[in-house]
Amino acid sequence: MSKSSLVQVTIPAYSGNYTKGRSGKKIEAITIHHMAGILTAEQCGKLFQAQGRNGSSHYGIGNNGKIGQYVDESNTAWTNSNFDSNCKSVTIETSNCENGGQWKVSDKALNSLIKLVADIGKRNNLGTLVKGKNVTWHSMYTSTACPGPYLLSKMDYIVAEANKINAPKPTTVPTTTGRKIGDIVNINGVYTSSTSTNKLIPLKNKGTITKIIKGARNPYLLDNGNIGWVNDGCIVGSSKTYVVKKGDTLSGIAKKYNTTYQKIASDNNISDPNKIYIGQKLIIK
């Protein structure tokens, strides 16, 4: 069975109101209709259960935004007044929130319509949605006022918002997080360049940052290129290099890095924690 996961109620249409299969055609478009009335998804579905109706739709959206399905997408609903178009389309009936005039639809119904259009387009591999090409409307196929002035005026908006939903999510690029040249880092992967996306197993699992390109996918060069490039996602247990300045004490340095002076002394083979000198390089793990 082929249907949207957005469906909240299923009301199967009478078998004489649609055609099983798609006559060898594939889905190429989504066609938007209005109900020409204020209905729920259930009320619309019941219309298509009536014998002799000679009409149906794949989906219907009630005035409250509830989405119903009446005909499976693998079958041909009789909605567009054009059999060839029916065979190539997934059709949606949308409730109005006023009778006559502009035939407006509620914001809830409009938002559900946008989500449903995006979902149908994505599942059926329609690609970028284009008004009048793979997003169509009833009056393109026959002489009718459907889908009404309001929905016609919203077609560009519907297509744009649906495309936003289906747009590829941008790849998160690891950011430079306060690391600096001279930091010693432990790594679980490496790249051949600052832009590469192919993560490799490193020949060494530890290196020193010797160059940083801010904003790059892999901003840190290790050991002047002898190891390669890495990003924050490659660094698993890093250590920093701190150069002792005038007035520094191990306890003061430890406080800056949220560690203890005993650990710094142990990591740097310092036998007397009270004896450090200006310019001394300490590894902070």
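Residues numbered from 1 in each chain as written. Predicted model: local features only at pLDDT ≥ 70, side-chain atom pairs only at ≥ 80, totals over all residues. Heavy atoms only, no water.

Trainee: Help me understand the nonpolar core, please; the structure alone is not making it clear to me.
Mentor: One broad trend across soluble globular proteins is that nonpolar side chains are buried collectively. Core analysis: the largest hydrophobic core is formed by 28 residues, its most contacted members being Ile92, Leu113, Val117 and Ile158. Sorting the residues of this core by element identifies strand 3 (29–34), strand 4 (59–61), strand 7 (89–94), helix 3 (107–123), strand 8 (135–137), helix 4 (148–153) and helix 5 (155–166) as the ones contributing at least two each. Residue contributions to this core peak at 8 residues, all from helix 3. Discounting chain neighbours no more than four positions away, the residues touching isoleucine 92 are Ile30, Thr31, Ile32, His33, Ser57, Tyr59, Ile61, Leu113, Leu116, Val117 and Ile120. Core analysis: the next-biggest nonpolar cluster, separate from the first, contains 13 residues, Val185, Ile209, Cys234 and Ile235 among them. (Core = buried A, V, L, I, M, F, W, Y, C linked by side-chain atoms within 4.5 Å. Buried < 20%, exposed > 50% of the residue type's maximum accessible area, 1.4 Å probe, protein only. Helix = DSSP H or I, 4+ residues; strand = E, 2+ residues; numbered from the N terminus. Contact = heavy atoms within 4.5 Å.)

Trainee: Any chance you could explain the packing of aromatic side chains here in plain terms?
Mentor: Where two aromatic rings form a pair, the distance of their centres and the angle of their planes describe that pair. For the coordinates displayed, the defined rule picks out 1 aromatic pair. Lying across the ring of tyrosine 157, lysine 154 places its NZ or CZ 5.4 Å from the centre. (Phe/Tyr/Trp six-rings, centres within 6.5 Å; stacked < 30°, edge-to-face > 60°. Lys NZ or Arg CZ within 6 Å of the ring centre and 35° of its normal.)

Trainee: Teacher, can you tell me more about the pattern of salt bridges here?
Mentor: Pairs can form between side chains of opposite charge once their charged atoms are near each other. Using the criterion set out here, one finds 10 salt bridges in the structure. Put simply, glutamate 42 and lysine 66 hold a salt bridge, and the shortest N to O gap is 2.6 Å. Of this pair, glutamate 42 sits in helix 1 (residues 41–47) while lysine 66 sits in the loop between strand 4 and strand 5 (67–69); the two residues are 24 residues apart in sequence, bridging distant segments of the chain. For glutamate 42, a relative accessible area of 24% corresponds to the partly exposed category. (Salt bridge = Lys/Arg side-chain N within 4 Å of Asp/Glu carboxyl O.)

Trainee: Sorry if this is basic, but what is going on with the environment of alanine 50 here?
Mentor: Structurally, the position occupied by alanine 50 is in the loop between helix 1 and strand 4. By relative accessible area, alanine 50 is classed as partly exposed at 34%. Along the primary structure alanine 50 and leucine 113 are separated by 63 residues, whereas in three dimensions their C-alpha atoms are 25 Å apart. Discounting chain neighbours no more than four positions away, the residues touching alanine 50 are Tyr14 and Asn17.

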